[in-house]
Amino acid sequence: MRLLFTLALSLFGFVVSYAQNQTALEKEMSISFTRKPLDAALEDLAKMAQLDLVYSNSLLPSTTITGSWVRTPVHKILNDLLTNTNLTYRWSNGQLVLVKSTALVTTPPAVPKPIRISGYVESQTSGERLIQATIFDVRSGLGALSNEFGFYSLSLPLGAVQLQISYLGQTPINLPLKLRRDTFLTFKLKDQLLLDSVVVRGVVARSHLQGDDFYGNGLDLTQIDRLPKLAGESDLVRAIQLMPGVQAGPDGIGGFFVRGGEAGQNLVIIDDVPMYNTNHAAGVLSIFNSDIIKSAELLKGAFPARYAGRLSSVLDIRTRDGNKHFWEGSGSIGLISSRLTLEGPIVKDKSSLLVSGRFSTLNWLMKPYSQNYKAGHNEKGETGYGFYDFNAKFNAELSPRNRIYLSFFQGLDRFSNGGYQADTLLLRDQNGLLGAYRLYSSYREFLTWKNTGGAFRWNRMHNNKLFSNTTLTFSELRVEIGSSSRDTLRLLAPNGWYSYSTFDGGYRSRIQDFGLRSDFHWSLSPQHYVRFGGRVQQNIFVPGIREYSEEFKDEIEGREPVSRRIRTQGWSLYAEDEWRPNNNLRIDYGFNWSAWAVDGKIHSSLEPRLATFYRLGEKNRLKASFSRMAQFLHLLTGANIGLPTDLWVPSTGAIRPGIAWQSTLGYDHKIGKNWEMGIELYHKKMQNLISYSEGAGFLDDWERNVTIGKGKATGLDFLLRKSGEKISGFVSYSFAETERTFPKINLGRPYPFRYDHRHDLKINGQWKVSPKVDFSATWVYGSGLAFSAPQSKFTFLIPGETPNPIDVTTFGPKNGRRMPPYHRLDLAANFHFGQDKKVRHDLQISIYNAYNRRNPLYYKIVNRPVAGSTGNSRENEVISVYLLPILPGFSYVLEF
């Protein structure tokens, strides 16, 4: 099957390339020259006709061209230019090569051997290696991008080249060279002073070279920092939620949902380490500290073969390496957290260390407030919530070809609530006081979840064509829930008796991931850039352990597993080729083969990937893709608001891995100098999805309480973006429809997915008033989320069981109702001071939900007496629960 797939792609590429070559030469053009050197005239013709022209300067005679051609085929103009030069041309690998005409008579024409340049692109200021930097030769039109480790490899014609090396936020380099042999070059770019000395740092940009922004959305971190912030907290996930095709949870919390997928169907990796929980504060914030992020890219449609393991999207985050030249730092404070980052060399120019920490300041407000609140209800105690995350990264250059990295991450959230209360009870009858009693009541409850991740990486440049990265990873998520209470009743009398009752309960779960992967980057030729590699992993699932004790006991009486402990092993191999038949066409094809061993059974999946890109002139691009994805572990959710009680479980002997097929078709258009527009259609079908059966939750044995079903999603994503020094922004719109079908839910009938936003609109505008002041505004609108609402109520009596009738509420179709439309306006003002000095200051003042829109988080049913009723009549009332009203915020950042 793989061989047929490859042959079919090769035949398709040959036909397309041949047809396009002939069409390019038949195109009619008008052009004129006056005493223009032959090489310059050929370059002008090649540029106008969009030909990839290759030749050696030594072949060209020293002659000038004077002439005019009106609506003349390109091949006729080319023949006229080569008259009396003893030169002709032929096609070779999508390039038009000039050769001596005599060579065609006796032997096949000799094509000049290309020269290979390779190396790294770095920041001159910090030594940070730059991702997706552009290396481009103006003369030949050939170029390359640096990979995720700053490495590039590029084949160029022998002789003179004019290199341009560029990266957003850095000063471009223009470098003329004469290439005679394969060369290793490291380019060091200076920080660029943009917009009157505002230094741009930590920027991620996708180049438009050959459509390399095809796969996903690169995120500009400077723009993220200028977006309005919730309580002054810059957050990567909230910026992702503004992209087309990406939905937010209720009131923006609970993570992100891509093209009809669930939160657990997003592969989130930090330096190749998979993360199993990305939320602080139940999803109000994410775990990603923006101070240490170097790049972030979201893939949601066409997936390169190197990514596997999830059905909906990939969020690939790379952290900064740290300054190799000098020590520097930054700190910030906001309403809900503070941060501190330090970085610098261990051995100057050879190794560096970066450490960054963030901790919550919510307890400073929450604990005093809760103490006063409880005191007003005759209770001693407090409620607290806090979180922290810590990042560290060390890297060292062992040699020009070898470098190692060691990175570590840990984040923890803890919610606690406790109280103590004492009351005096007086027992009387008609004759007087019978006795006095003292009732002591205390309780304590907590919820803790902790993420831990680490990686050891080794980069090696084997030669000027082959680069490899080997990574050893570890990731763990631990969740612990506890609750205890004690009630004591004591007779207030000498030697008075007392009685007490206690309850202690707990729940713990965890998932561990150990992995080893190797990735190879092979610049096979100017037309083929190949990646291949593999991964082995072991996962340990402990979905739940309960501990409890009750009544008159001080020790733990019971300890029982909610679900069994499961150990799994996984393997995957992949290969992909980025094939460029010519300057306008790119075809990426490959496969990923994965296997999963569990319960004595092996699940396997072969996943083909195909993506094509075609440029129509300088302003138009077409793209299409097809991919198959498999997911061997699943996230069971119950609360829909990003709580860590969502449960990661594996595919087992009885539960097959989830499968998704997705196809996309898109069109991009550049409008003038500063406007871009893109539109993409997609269709996705999913099978072997799992969900809790009706009424089940994380405290139940999940294997006995799940149902297996399918889903589908269809939609359109649209993006209009404006760039500019003063005014910039974007409009993002999505139209989507997604549904689920499970045998044990909704009587087996299809129903709308919880996050089925039919319409989703986001608008952002940014205005730079001066180098020191800029403003930003974001408005979002979304169709209401689907939910299940109570429909009717009836009463019945069970003979012999209870003398009182029972009220039963029935619900309509699953997710048959819609919340009100969601909309919100956020505003921000940013102030920058000392940007050209050693100490820099940034201040943001923001307003979240500026017009105080009451967007429901969820609905609950409250049973209340019927108003005006004289009996015991009660009725259910649906109550809206709101979370985030209008919230002012500020953030102050100090860099030194």
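Residues numbered from 1 in each chain as written. Predicted model: local features only at pLDDT ≥ 70, side-chain atom pairs only at ≥ 80, totals over all residues. Heavy atoms only, no water.

**Points about unusual backbone geometry**
Of note, the phi angle at aspartate 599 is positive, near 55°, even though the residue is not glycine. Along the chain, the position of aspartate 599 falls in the loop between β36 (585–598) and β37 (601–616). Not every positive phi belongs to a glycine, and asparagine 852 is a case in point at roughly 55°. Along the chain, asparagine 852 turns up in the loop between β53 (840–848) and β54 (856–865). (Helix = DSSP H or I, 4+ residues; strand = E, 2+ residues; numbered from the N terminus.)

**Focus: the confidence of the model for the chain**
Per-residue pLDDT for the chain has a mean of 81; in total, 81% of the residues score no lower than 70. Of all helices and strands in the chain, the one with the weakest mean pLDDT is strand β15 (residues 198–199) (30), whereas strand β20 (residues 273–274) scores best (95). Long-range and interchain partners of residues 1–22, a stretch whose pLDDT sits below 50, account for 21 contacts in this model, where long-range means more than four residues apart. Contacts from residues 552–558, a stretch scored under 50 in pLDDT, to residues over four places away or in other chains number 15 contacts. (pLDDT = per-residue confidence, 0-100. Contact = heavy atoms within 4.5 Å.)

**Let's talk about the environment of leucine 340**
With respect to the secondary-structure elements, leucine 340 resides in strand β26 (residues 337–345). Note on leucine 340: relative accessible area 46%, which makes it partly exposed. With near-sequence residues (within four places) excluded, leucine 340 lies in contact with Ser330, Gly331, Val355, Ser356 and Gly357. (Buried < 20%, exposed > 50% of the residue type's maximum accessible area, 1.4 Å probe, protein only.)

**Thoughts on helix α2 (residues 38–49)**
Given a rise of 1.5 Å per residue, twelve residues ought to cover 16 Å, and the 16 Å separating the end C-alpha atoms of α2 matches this to within 8%. Every buried residue of α2 is accounted for by Leu38, Ala41, Leu42, Leu45, Ala46 and Ala49. Each buried residue of α2 lies within a common arc of 135° when the element is viewed along its axis, so the set occupies one face. Following α2 by one or two positions, glutamine 50 has its phi on the positive side, about 60°. (Expected span 1.5 Å × (residues − 1). Arc of directions from axis to C-beta.)

**As for the packing of α2 against helix α3 (residues 74–81)**
Put simply, α2 and α3 touch, their axes get as near as 11 Å, and they point 175° apart. Classed by the angle they form, the pair α2 and α3 counts as roughly antiparallel. Where α2 abuts α3, its residues Leu38, Leu42, Leu45 and Ala49 lie against Val74, Ile77, Leu78 and Leu81. When its residues are assigned to classes, the contact of α2 with α3 shows eight nonpolar, no polar and no charged. (Axes fitted to C-alpha atoms, helices over the stretch in contact; angles between N-to-C directions. Parallel < 35°, antiparallel > 145°, perpendicular 65-115°, else oblique. Nonpolar A, V, L, I, M, F, W, Y, C, P; charged D, E, K, R; others polar.)

**Comments concerning the sheet that holds strand β8 (residues 143–145)**
Sheet architecture is open: four strands sit in the order β8-β7-β10-β11, paired in antiparallel fashion. Looking at strand neighbours, the two that pair on one side only are β8 and β11 (173–179), the edges of this open sheet. Mean inter-strand twist for the sheet, computed between neighbouring axes without regard to direction, equals 20°. Bridge analysis of strand β7 (residues 134–137) against strand β10 (residues 159–166) gives four bridges, and the strand direction is antiparallel. Each bridged residue has a counterpart across the sheet, and for isoleucine 135 the counterpart in β10 is isoleucine 165. (Pairing = 2+ DSSP bridges.)

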